[in-house]
Amino acid sequence: MLQVTNLEVVYDDVALVLRGISLAVGPGKIVALLGANGAGKTTLLRAITGLLDVHDGEITKGQITVDGRPIPRKSPAGIVRLGVSQVMEGRRIFAELTVEENLRLGAHLNPRSVKENLGRVFDLFPVLEQRRRSTAGYLSGGEQQMLALARALMAQPKYLLLDEPSLGLAPRLVEQIRDLIVAINETGTGVLLVEQNATMALSIASHGYVMETGKIVLDKPAAELLGDEDIREFYLGTKSKSFKDVKHYQRRKRWLS
Amino acid sequence: MDELLESVVRGLGRGSVYALLALGFVIIFKATRVISFAQPAFMLAGAVMVTYLVGPLGFWGALAAATVLTGLLALGVERTAVRPMVGRPAFVVAIITLGVDIAVRVIVNAYIGNDVRQVGDPWGLSRVELAGLIIEKRDVARIVTAAVLVAALFAYFRFTRMGLAMRAASYDQEAAMAQGVSVGGVFAVSWAMAGGLAAVAGTFVAVGENVDGLMWTIALVALPVIILGGLDSPAGAVLGGVIVGVLQELVAGYQSHFPWLGGNISVITPYVVMLIVLLVKPYGLFGTREVERV
């Protein structure tokens, strides 16, 4: 269980961005985390993976545990060793390195079983095997996202944190990435899926959280969230309203012109 | 023709030393985005260590020991003077390295004293005839040593786990941290490497000559070299070093044909090259275009 309890994060000693966040990802579960821009989703992931320091952020309250053990503060490597890997927003692959070098970096703390993990990852992503010697920067957007996923898997994580894996991908590719996330999850990896694409996220998640300005405002099973009126309106956009109805003010009578 | 080729070989020897020095600058720059002006001091320190150690250990033993010791010295400097400044503007850190340079050189100068100190190399100024050319043995030694070191370094960056981590961290520090790479470790290894390279370079500058307090000025030539090769390109540092070295020797060799240029034009050749490069191609031969200028 990846558990976050009452987490408070402050940036630059002044900006309180997370105020008492609690959430849990059970082993082998997919959990979706929804929220608008600036809600603090990425900050939460940074707090979990120990990358706050780079951004002048600090955990001021609360704690994060992985299977009951508290995470080491300010040690991204220690957290990877505990079994938590992250796919960062915008993929962040090493564009100058080859595909295989990217993957070997994912196994930086796990050098003994590189071969075995490469085989496992290439089974999931056959495209990467074909292109293992090419420069990562020349891959297409979808392939780069797969590389980012594969790189995180090289560390054999128990929990995988995904920050907007559908960002900037065509709908067909989003479907493909979704299926891959399900496939990864079926091998027993817990997934925390941070998404703006709520339909995609809730369609595969078992549980969902909704964040707004640094707080968790909704916390329900995914199926219930999919049925929730507010969620439908704000995140799924299923109601196809006429703009006539949206207008909530009366047109004022104008005398001039 | 022989005269030309002999100049080229001398230039290659000189260029090998520049290449090693420039590699140190580039390795630190790639890891930390800072130009370390402490390299001249490490170069001098390495050469002086060799002069003390050569008695008991012999030339190669002393060279190896001095390389390791200077690497450790650089590591110490990084931990104490540079690491606390992480996150500050590159300019601040560059100035700190300037201070470190002066401090280390003052200490090292005390160990030079008034005696003539020599690195005790086996070649001196002896020459060898190779394919009709008269070549100084020390130039051959410089070229071979630099070639071996450069090959080893490039293999290290290409094939080892830590080398790969260093390349990744220089590309995207945060993403590298997310993979579990210790960026502090990368900084440390970079500084230690640069220190070791400076020590080797310093020793081979002093080969056949004396070690004196002014030897450090040779390290300044590494600046034109890295600007020619590109601040963030190790291959550029090597090639730039060789180009500048050969050019300098050619100018020195043919200087008598241009009496109107004065007596020591070869000394300023690297800086003339630097000026031209900055005007025409400011990011160097192999540098990334958006690299910051310091």
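Above this note sits the structure.
Residues numbered from 1 in each chain as written. Chains lettered and ligands numbered in written order. Predicted model: local features only at pLDDT ≥ 70, side-chain atom pairs only at ≥ 80, totals over all residues. Heavy atoms only, no water.

Chemist: Please clarify how the layout of surface pockets should be interpreted in this entry.
Modeler: Picture a little ball the size of a water molecule; that probe, rolled over the atoms, points out where space is still empty. Reported here for the largest pocket is a volume of approximately 830 Å³. Together, 29 residues line the largest pocket, and B:Val86, B:Gly87, B:Gln173, B:Val183 and B:Phe187 are the ones closest to its centre. Only α2 (76–81) of chain A together with α1 (2–32), α2 (39–82), α3 (90–112), α6 (173–178) and α7 (183–206) of chain B provide two or more residues apiece to the lining of the largest pocket. Of all the elements, α7(B) adds the most residues to the lining of the largest pocket, at three residues. In terms of residue class, the lining of the largest pocket is built from 14 nonpolar, eight polar and seven charged. (1 Å grid on protein atoms, 1.4 Å probe; cavity = no way out; pocket = protein on both sides within 12 Å on 5 of 7 lines; lining within 4 Å. Points joined across faces, edges and corners; volume = space filled by probe spheres on them. Helix = DSSP H or I, 4+ residues; strand = E, 2+ residues; numbered from the N terminus. Nonpolar A, V, L, I, M, F, W, Y, C, P; charged D, E, K, R; others polar.)

Chemist: How should I be thinking about helix α4 (residues 114–124) of chain A in this particular structure?
Modeler: Residue and element names in this part refer to chain A. Burial in α4 covers these residues: Val 114, Asn 117, Leu 118, Val 121 and Phe 122. Along the axis of α4, the buried residues cluster in a sector spanning 135 degrees; they form a single face. Facing away from the buried side of α4 by over 90 degrees, the exposed positions are Lys 115, Glu 116 and Asp 123. Looking at the buried positions of α4, the neighbouring elements they touch are α3 (99–106), α5 (126–130) and α6 (141–153). (Buried < 20%, exposed > 50% of the residue type's maximum accessible area, 1.4 Å probe, protein only. Arc of directions from axis to C-beta. Contact = heavy atoms within 4.5 Å.)

Chemist: What's the story with the nonpolar core in this structure? I'm lost.
Modeler: Side chains that are nonpolar tend, in soluble globular proteins, to be buried together. Core analysis: the largest hydrophobic core is formed by 86 residues, its most contacted members being A:Leu105, B:Leu21, B:Phe204, B:Val211 and B:Met215. When residues of this core are assigned to their parent elements, the largest contribution, 16 residues, is made by α2(B). Within the second largest apolar cluster, 46 residues are counted, among which are A:Val99, A:Ala152, A:Leu160 and A:Ala201. (Core = buried A, V, L, I, M, F, W, Y, C linked by side-chain atoms within 4.5 Å.)

Chemist: Just to check I follow, could you spell out the interface of chain B and chain A for this structure?
Modeler: When the parts of a complex come together, some accessible area is lost, and that lost area is often taken as the interface size. Contact with chain B, which involves 18 residues of that partner, is made by 22 residues of chain A. It is B:Tyr171, B:Glu174 and B:Gln179 in chain B that bury the most area against chain A; as a group they hold 34% of the surface buried on that side. Across the chain B-chain A interface, the total number found is four salt bridges. Between A:Arg92 and B:Glu174 there is a salt bridge whose closest N-O contact spans 3.0 Å. Inspection of the chain B/chain A interface yields six residue pairs in polar contact (both at pLDDT 80 or more). Looking at the side of chain B that touches chain A, its residues break down into ten nonpolar, three polar and five charged. (Buried area = accessible area lost by both parts, 1.4 Å probe. Salt bridge = Lys/Arg side-chain N within 4 Å of Asp/Glu carboxyl O. Polar contact = N/O pair within 3.5 Å; in protein donor to acceptor, adjacent residues only side chain to side chain.)

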